[in-house]
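# Architecture and fold: a report
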Amino acid sequence: MEHRTKGLIYMTIGVIMLSPDSLLVRLADRTASPYTLVLWRQVFVAATQIPASIMYCGGWRKTIAQVKKSGVYFWASIPVQAAGAICIALAFTMTSAANALVLFYLQPLWAAIGSVLYFKDTLPKRTIFAIVVGIAAAVAVFFGARSKGDDDGGKASTIGDILALVGGVAYATYFMICRACALSAGPSVEMLPASAAGMALSVFVSLILAKDELVAIEDDVFWLWVAINGVIVIGISVMWMTVAMKYILPPESALIGLLELALGPIWVFAGIGEVPSVLTIVAAIALLVMLAGHEYLGLMESKKKNQSTMAPILATSKDDLEALINADPAEERDDSST
């Protein structure tokens, strides 16, 4: 399997697993304050990722070796990962799910800018077009949510919108750090320990934010939603996405992440009956079509590139074969005798 194909599969699995995040946060938000919810969510995430990353790397010693190999990229990714996780979780509690997802998934823009400025990448025209379509869809969803008037019972807020935007910038930066590590230290270096360390840092930050609101929560349903969200939806999905970043470009990863923008409102509608606007539905369909078209064109380009690479080799081999067949045996004997 090609590295890019592997990365696309891993990222798609991670995003699909991540898509119920907004619903589970909203369900748990009914029982606890936002900061308390984020604290326990991150506790479950860290408790999942720390042992999982150690097992994935092959034990404590190999995990430490991976940390040493990743070097500065390990330490740079920790605060970025923590900031992104806290910001998007708080955003889901402070603004509508559609607004939070839209602003969070402006990631393709930030990833494309970073990819061009830092990595000096030349983005394919199809990727640039896809980013423009993605941003247009995001803007449509944003204004669609605002135009509903009630906006999820008055839940939309400027602070929540800003947190979602900052969270998107943080995760786009995290993806770029993962790719920079893969390019510098090689794809064999694992960034999963960095993801786990970032989630551990987010627990301490959340504890500081929630210190005045910590109370005993006796609602079993709260713990069910938070555990599912922290262990499966966030804990495991982010690991898939972190591994995927070794094989694909940051703009591509961010484009695949737009799937959550399409799936998230559907989960929220199914779970708590929040009806997305018509613009949200249209934008979600546009995103899915755009992603399918983007990856189909990428597959076609990859096949053409492979064919063009093999063509000279095949042509040369054929010419050599014909030369051997048509060679004069007498000439060969004369050459050998001299």
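Everything that follows concerns the structure shown earlier in this document.
Right, let's walk through the structure included here.

What counts and what doesn't
- Residues numbered from 1 in each chain as written.
- Predicted model: local features only at pLDDT ≥ 70, side-chain atom pairs only at ≥ 80, totals over all residues.
- Heavy atoms only, no water.
- Salt bridge = Lys/Arg side-chain N within 4 Å of Asp/Glu carboxyl O.
- Helix = DSSP H or I, 4+ residues; strand = E, 2+ residues; numbered from the N terminus.
- Buried < 20%, exposed > 50% of the residue type's maximum accessible area, 1.4 Å probe, protein only.
- 1 Å grid on protein atoms, 1.4 Å probe; cavity = no way out; pocket = protein on both sides within 12 Å on 5 of 7 lines; lining within 4 Å.
- Points joined across faces, edges and corners; volume = space filled by probe spheres on them.
- Nonpolar A, V, L, I, M, F, W, Y, C, P; charged D, E, K, R; others polar.
- Expected span 1.5 Å × (residues − 1).
- Core = buried A, V, L, I, M, F, W, Y, C linked by side-chain atoms within 4.5 Å.
- Contact = heavy atoms within 4.5 Å.
- Axes fitted to C-alpha atoms, helices over the stretch in contact; angles between N-to-C directions.
- Parallel < 35°, antiparallel > 145°, perpendicular 65-115°, else oblique.
- Left-handed = near helix turned anticlockwise from the far one by under 90°.

### Considerations on the pattern of salt bridges
As enumerated under the stated definition, the model contains two salt bridges in all. A salt bridge links D21 to R41; its shortest N-O distance comes to 3.1 Å. Here R41 lies in helix α3 (residues 34-57) and D21 lies in helix α2 (residues 21-28), a separation of 20 residues in the sequence. Between E190 and K246 there is a salt bridge; the shortest N-O distance is 3.0 Å. Here K246 lies in the loop between α12 (220-244) and α13 (250-272) and E190 lies in the loop between α10 (158-185) and α11 (192-209), a separation of 56 residues in the sequence. Of the two residues, E190 and K246, neither departs from the other in class, the shared state being buried.

### What to know about empty space enclosed by the protein
One pass over the structure, following the stated rule, counts two cavities of 30 Å³ or more. What lines the largest cavity is a set of 17 residues, and nearest its centre among them are L18, F104, Y171, V238 and M241. Broken down by secondary-structure element, the contributors of at least two residues to the lining of the largest cavity are α5 (72-94), α10, α12 and α13.

### Description of the environment of P193
Along the chain, P193 falls in helix α11. A sequence separation of 139 residues divides P193 from I54, and the C-alpha atoms of the two residues are 7.3 Å apart.

### A short note on the layout of surface pockets
The method is simple in principle: a probe with the dimensions of a water molecule rolls over the atoms, and the space it marks as empty is what remains. Of the voids in this model, the second largest pocket is the one considered here, and its volume is about 180 Å³. I50, S53, I54, W60, T63, I64, V67, F74, P193, A196 and A197 are the residues that line the second largest pocket. Those elements that provide at least two residues to the lining of the second largest pocket are α3, α4 (60-70) and α11. Here the lining of the second largest pocket gets four residues from one element, more than from any other, and that element is α4. A per-class count over the lining of the second largest pocket returns nine nonpolar, two polar and no charged.

### So, α3
For α3, built from 24 residues, the straight-helix expectation of 34 Å at 1.5 Å per residue is met to within 8% by its first-to-last C-alpha distance of 34 Å. Downstream of α3 by one or two residues, G58 has phi in the positive range, about 100°.

### Brief notes about the nonpolar core
Residues M11 and M199 are the most contacted members of the largest nonpolar core, which totals 79 residues. Sort the elements by how many residues they give to this core and α5 lands first, with 13 residues. Ignoring sequence-local partners within four residues, the contact set of M199 consists of Q42, V45, A46, Q49, Q81, A85, Y171, I234 and V238.

### Focus on the packing of α3 against α12
The interhelical angle for the contact between α3 and α12, taken along N-to-C directions, is 45°, at an axis separation of 8 Å. By the angle between their axes, α3 is oblique relative to α12. Where α3 crosses over α12, the handedness of that crossing is right-handed. When its residues are assigned to classes, the contact of α3 with α12 shows 16 nonpolar, six polar and one charged.

In short, shape yes, function no, at least from these values alone.
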